[in-house]
Amino acid sequence: MDIQTSNATVKICIIAAMIWILSMALAIPEAIFSDLHTFSIPKTNETFVTCAPYPHAGDLHPKIHSVASFLIFYVIPLLIISIYYSFIARSLIRSASNMPSEDNLHVRRQVESRKRLAKTVLVFVGLFAVCWLPSHALYLYRSYHYTEVDTSLLHFISSVCARILAFANSCINPFALYLLSRSFQKQFNKQLYCCCLLAMVGQPSNSTKRSTTLMASIRSTNHSSFLNGNRVS
(Lines give C-alpha, C1' and ligand atoms only; values in the text may rest on other atoms or scores of the structure.)
Protein backbone atom coordinates (compact mmCIF):
# COMPACT_ATOMS: atom_id res chain seq x y z
CA MET A 1 0.00 0.00 0.00
CA ASP A 2 2.95 2.33 0.58
CA ILE A 3 4.34 1.84 -2.92
CA GLN A 4 3.84 5.17 -4.71
CA THR A 5 5.12 4.27 -8.17
CA SER A 6 3.46 3.90 -11.54
CA ASN A 7 3.73 0.10 -11.45
CA ALA A 8 2.50 -0.25 -7.86
CA THR A 9 -0.38 -2.50 -8.91
CA VAL A 10 1.96 -4.88 -10.71
CA LYS A 11 4.25 -5.14 -7.68
CA ILE A 12 1.33 -5.81 -5.35
CA CYS A 13 0.03 -8.54 -7.68
CA ILE A 14 3.49 -10.13 -7.83
CA ILE A 15 3.75 -10.12 -4.03
CA ALA A 16 0.29 -11.70 -3.72
CA ALA A 17 1.21 -14.36 -6.30
CA MET A 18 4.44 -15.15 -4.43
CA ILE A 19 2.48 -15.61 -1.20
CA TRP A 20 0.12 -18.05 -2.92
CA ILE A 21 3.02 -19.97 -4.49
CA LEU A 22 4.77 -20.23 -1.12
CA SER A 23 1.55 -21.42 0.52
CA MET A 24 1.08 -24.13 -2.11
CA ALA A 25 4.72 -25.17 -1.77
CA LEU A 26 4.27 -25.61 1.98
CA ALA A 27 1.29 -27.88 1.28
CA ILE A 28 3.25 -30.18 -1.06
CA PRO A 29 4.64 -32.47 1.71
CA GLU A 30 1.14 -33.26 2.96
CA ALA A 31 -0.02 -33.96 -0.60
CA ILE A 32 2.89 -36.37 -1.13
CA PHE A 33 3.04 -38.18 2.21
CA SER A 34 -0.67 -38.30 3.09
CA ASP A 35 -2.00 -41.83 3.40
CA LEU A 36 -5.10 -43.81 4.34
CA HIS A 37 -5.07 -45.23 7.86
CA THR A 38 -7.24 -48.01 9.22
CA PHE A 39 -8.44 -47.61 12.80
CA SER A 40 -10.38 -50.02 14.98
CA ILE A 41 -12.88 -49.35 17.77
CA PRO A 42 -12.34 -51.94 20.52
CA LYS A 43 -15.74 -51.41 22.15
CA THR A 44 -17.75 -52.23 19.03
CA ASN A 45 -15.10 -54.19 17.13
CA GLU A 46 -15.57 -51.88 14.13
CA THR A 47 -12.99 -50.47 11.76
CA PHE A 48 -12.91 -47.37 9.60
CA VAL A 49 -10.51 -45.79 7.15
CA THR A 50 -9.49 -42.15 7.23
CA CYS A 51 -6.91 -39.94 5.56
CA ALA A 52 -3.97 -38.49 7.50
CA PRO A 53 -1.34 -36.01 6.22
CA TYR A 54 1.63 -38.22 7.20
CA PRO A 55 2.79 -41.78 6.49
CA HIS A 56 1.55 -44.62 8.66
CA ALA A 57 4.78 -45.48 10.46
CA GLY A 58 4.30 -45.39 14.21
CA ASP A 59 3.23 -42.64 16.58
CA LEU A 60 6.12 -40.26 15.91
CA HIS A 61 4.81 -38.75 12.67
CA PRO A 62 1.46 -37.52 14.05
CA LYS A 63 3.19 -35.99 17.08
CA ILE A 64 5.74 -34.16 14.91
CA HIS A 65 3.03 -32.99 12.50
CA SER A 66 0.70 -31.71 15.24
CA VAL A 67 3.46 -29.84 17.09
CA ALA A 68 4.81 -28.34 13.85
CA SER A 69 1.30 -27.26 12.82
CA PHE A 70 0.69 -25.75 16.25
CA LEU A 71 3.92 -23.74 16.08
CA ILE A 72 3.74 -22.68 12.40
CA PHE A 73 0.01 -22.00 12.10
CA TYR A 74 -0.78 -20.72 15.60
CA VAL A 75 2.05 -19.81 17.97
CA ILE A 76 4.34 -18.00 15.50
CA PRO A 77 1.55 -16.05 13.69
CA LEU A 78 -0.07 -15.16 17.03
CA LEU A 79 3.28 -13.95 18.35
CA ILE A 80 3.94 -11.85 15.23
CA ILE A 81 0.52 -10.21 15.04
CA SER A 82 0.50 -9.66 18.81
CA ILE A 83 3.80 -7.78 18.64
CA TYR A 84 2.89 -5.69 15.60
CA TYR A 85 -0.68 -4.97 16.70
CA SER A 86 0.62 -4.00 20.15
CA PHE A 87 2.98 -1.53 18.46
CA ILE A 88 0.09 -0.15 16.43
CA ALA A 89 -2.12 0.17 19.50
CA ARG A 90 0.66 1.82 21.51
CA SER A 91 1.36 4.31 18.71
CA LEU A 92 -2.32 5.18 18.44
CA ILE A 93 -2.66 5.67 22.20
CA ARG A 94 0.51 7.78 22.35
CA SER A 95 -0.58 9.93 19.44
CA ALA A 96 -3.94 10.43 21.14
CA SER A 97 -2.32 11.45 24.43
CA ASN A 98 0.05 13.86 22.66
CA MET A 99 -2.75 15.78 21.00
CA PRO A 100 -3.62 19.26 22.37
CA SER A 101 -5.62 19.11 25.56
CA GLU A 102 -7.79 22.19 24.99
CA ASP A 103 -11.53 21.67 25.05
CA ASN A 104 -12.03 21.14 21.35
CA LEU A 105 -14.77 18.86 20.06
CA HIS A 106 -12.77 17.82 16.99
CA VAL A 107 -9.71 16.95 19.08
CA ARG A 108 -11.76 14.91 21.52
CA ARG A 109 -13.32 12.98 18.65
CA GLN A 110 -9.87 12.27 17.24
CA VAL A 111 -8.67 10.97 20.62
CA GLU A 112 -11.71 8.73 21.02
CA SER A 113 -11.37 7.45 17.45
CA ARG A 114 -7.71 6.51 17.91
CA LYS A 115 -8.34 4.78 21.22
CA ARG A 116 -11.22 2.86 19.65
CA LEU A 117 -8.99 1.82 16.76
CA ALA A 118 -6.33 0.63 19.21
CA LYS A 119 -8.92 -1.53 20.94
CA THR A 120 -10.06 -2.85 17.56
CA VAL A 121 -6.65 -4.16 16.52
CA LEU A 122 -6.20 -5.82 19.92
CA VAL A 123 -9.63 -7.46 19.57
CA PHE A 124 -8.51 -8.95 16.24
CA VAL A 125 -5.57 -10.62 18.01
CA GLY A 126 -7.92 -12.02 20.63
CA LEU A 127 -10.32 -13.33 17.99
CA PHE A 128 -7.53 -15.17 16.19
CA ALA A 129 -6.33 -16.72 19.45
CA VAL A 130 -9.81 -17.81 20.55
CA CYS A 131 -10.96 -19.13 17.17
CA TRP A 132 -7.93 -21.29 16.41
CA LEU A 133 -6.89 -22.57 19.85
CA PRO A 134 -9.61 -25.28 20.21
CA SER A 135 -8.82 -26.77 16.81
CA HIS A 136 -5.08 -27.02 17.51
CA ALA A 137 -5.68 -28.29 21.05
CA LEU A 138 -7.90 -31.11 19.75
CA TYR A 139 -5.38 -32.00 17.06
CA LEU A 140 -2.60 -32.20 19.66
CA TYR A 141 -4.81 -34.38 21.86
CA ARG A 142 -5.57 -36.78 19.00
CA SER A 143 -1.94 -36.97 17.91
CA TYR A 144 -0.74 -37.91 21.39
CA HIS A 145 -3.54 -40.47 21.71
CA TYR A 146 -3.18 -41.70 18.17
CA THR A 147 -4.11 -45.34 18.72
CA GLU A 148 -7.16 -44.50 20.83
CA VAL A 149 -10.39 -43.71 19.01
CA ASP A 150 -12.67 -41.41 21.00
CA THR A 151 -16.25 -42.05 19.90
CA SER A 152 -17.94 -40.08 22.71
CA LEU A 153 -20.57 -37.46 21.96
CA LEU A 154 -18.54 -34.82 23.82
CA HIS A 155 -15.55 -35.38 21.55
CA PHE A 156 -17.73 -35.18 18.45
CA ILE A 157 -19.41 -31.93 19.56
CA SER A 158 -16.04 -30.45 20.56
CA SER A 159 -14.58 -31.33 17.17
CA VAL A 160 -17.48 -29.75 15.26
CA CYS A 161 -17.42 -26.57 17.38
CA ALA A 162 -13.64 -26.28 17.03
CA ARG A 163 -13.86 -26.63 13.26
CA ILE A 164 -16.66 -24.06 13.05
CA LEU A 165 -14.64 -21.59 15.15
CA ALA A 166 -11.58 -22.06 12.95
CA PHE A 167 -13.54 -21.36 9.77
CA ALA A 168 -15.44 -18.50 11.41
CA ASN A 169 -12.19 -16.63 11.95
CA SER A 170 -12.03 -16.01 8.20
CA CYS A 171 -15.27 -14.01 8.23
CA ILE A 172 -15.66 -12.71 11.78
CA ASN A 173 -13.32 -9.71 11.43
CA PRO A 174 -15.75 -7.59 9.36
CA PHE A 175 -18.49 -8.18 11.96
CA ALA A 176 -16.15 -7.20 14.78
CA LEU A 177 -15.06 -4.15 12.83
CA TYR A 178 -18.69 -3.18 12.26
CA LEU A 179 -19.37 -3.30 16.00
CA LEU A 180 -16.19 -1.44 16.98
CA SER A 181 -15.76 1.19 14.24
CA ARG A 182 -18.30 3.94 13.68
CA SER A 183 -16.73 4.97 10.38
CA PHE A 184 -16.91 1.37 9.13
CA GLN A 185 -20.57 1.23 10.20
CA LYS A 186 -21.28 4.45 8.33
CA GLN A 187 -19.58 3.34 5.12
CA PHE A 188 -21.07 -0.16 5.31
CA ASN A 189 -24.58 1.19 5.78
CA LYS A 190 -23.98 3.64 2.95
CA GLN A 191 -22.93 0.85 0.58
CA LEU A 192 -25.70 -1.45 1.80
CA TYR A 193 -28.49 1.05 1.22
CA CYS A 194 -26.99 2.83 -1.79
CA CYS A 195 -29.23 0.99 -4.23
CA CYS A 196 -32.35 1.97 -2.32
CA LEU A 197 -31.20 5.55 -2.01
CA LEU A 198 -30.31 5.77 -5.70
CA ALA A 199 -33.69 4.35 -6.61
CA MET A 200 -35.44 6.91 -4.44
CA VAL A 201 -33.37 9.82 -5.72
CA GLY A 202 -33.33 8.73 -9.34
CA GLN A 203 -37.10 8.28 -9.60
CA PRO A 204 -38.87 11.40 -8.28
CA SER A 205 -42.61 11.31 -7.79
CA ASN A 206 -45.11 12.54 -10.39
CA SER A 207 -46.01 15.61 -8.31
CA THR A 208 -42.33 16.56 -8.07
CA LYS A 209 -41.94 16.16 -11.81
CA ARG A 210 -45.03 18.34 -12.46
CA SER A 211 -43.79 21.01 -10.05
CA THR A 212 -40.37 21.07 -11.68
CA THR A 213 -41.90 21.33 -15.16
CA LEU A 214 -44.25 24.13 -14.04
CA MET A 215 -41.44 26.16 -12.45
CA ALA A 216 -39.30 25.76 -15.55
CA SER A 217 -42.20 26.93 -17.73
CA ILE A 218 -42.85 30.02 -15.56
CA ARG A 219 -39.16 30.96 -15.56
CA SER A 220 -39.00 30.60 -19.33
CA THR A 221 -42.11 32.75 -19.75
CA ASN A 222 -40.85 35.47 -17.41
CA HIS A 223 -37.49 35.54 -19.10
CA SER A 224 -38.96 35.92 -22.58
CA SER A 225 -41.44 38.59 -21.41
CA PHE A 226 -38.77 40.77 -19.84
CA LEU A 227 -36.67 40.44 -22.95
CA ASN A 228 -39.61 41.89 -24.95
CA GLY A 229 -39.92 44.81 -22.55
CA ASN A 230 -43.15 43.60 -20.99
CA ARG A 231 -43.76 42.93 -17.29
CA VAL A 232 -45.78 39.90 -16.32
CA SER A 233 -48.17 40.53 -13.37
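The text that follows walks through the structure, step by step, so that each part is easy to find.

What counts, and where the lines are drawn
Residues numbered from 1 in each chain as written. Predicted model: local features only at pLDDT ≥ 70, side-chain atom pairs only at ≥ 80, totals over all residues. Heavy atoms only, no water. Helix = DSSP H or I, 4+ residues; strand = E, 2+ residues; numbered from the N terminus. Buried < 20%, exposed > 50% of the residue type's maximum accessible area, 1.4 Å probe, protein only. Contact = heavy atoms within 4.5 Å. Areas by Shrake-Rupley, 256 points an atom, 1.4 Å probe, with all protein chains shown as cover. Patch = residues over 30% accessible without salt bridge, like charges linked within 9 Å, V, L, I, M, F, W, Y side chains within 5 Å. Salt bridge = Lys/Arg side-chain N within 4 Å of Asp/Glu carboxyl O. Pairing = 2+ DSSP bridges. Phe/Tyr/Trp six-rings, centres within 6.5 Å; stacked < 30°, edge-to-face > 60°.

Moving on, we get to the overall build of the protein. Scanning the protein from N- to C-terminus turns up seven helices and two strands. Written out in order from the N terminus, the α and β elements of the protein read α-β-β-α-α-α-α-α-α. Residues counted as buried form 17% of the 233 residues belonging to the protein. Of the contacts formed within the protein by residues at least 6 apart in sequence, a portion of 55% connects residues at least 24 apart. With an accessible surface of roughly 17900 Å², the protein has 66% of that area assigned to carbon and sulfur atoms.

Another point: a nonpolar patch on the surface. A contiguous nonpolar surface patch, about 1100 Å² in accessible area, is contributed by Val67, Leu71, Ile72, Phe73, Val75, Ile76, Leu79, Ile80, Ile83, Tyr84, Phe87 and Tyr144. The element best represented in the nonpolar patch is helix H2 (residues 60–97), accounting for 11 residues. With respect to the secondary-structure elements, phenylalanine 87 resides in helix H2. Among the residues examined, phenylalanine 87 registers a relative accessible area of 42% and is labelled partly exposed.

Here we come to the pairing of strand S1 (residues 35–41). The sheet contact formed by S1 and strand S2 (residues 46–52) spans seven bridges and is antiparallel. Across the sheet, residue threonine 38 finds its bridge partner in S2, namely valine 49.

Taken as a whole, this structure holds three aromatic pairs when the rule is applied. Ring centres 5.5 Å apart and planes at 20 degrees place the aromatic pair phenylalanine 70 and tyrosine 74 in the stacked group. Within this pair, phenylalanine 70 and its partner tyrosine 74 are both found in helix H2, separated by four residues, close to a single helical turn. Ring plane angle 75 degrees and centroid distance 5.4 Å describe the contact between tyrosine 178 and phenylalanine 188, whose orientation is recorded as edge-to-face. With tyrosine 178 in helix H4 (residues 153–180) and phenylalanine 188 in helix H5 (residues 182–192), this residue pair connects regions lying 10 residues apart in the sequence. In textbook terms, an aromatic cluster arises when at least three aromatic residues are bridged by ring pairs, as seen for Phe70, Tyr74 and Phe128.

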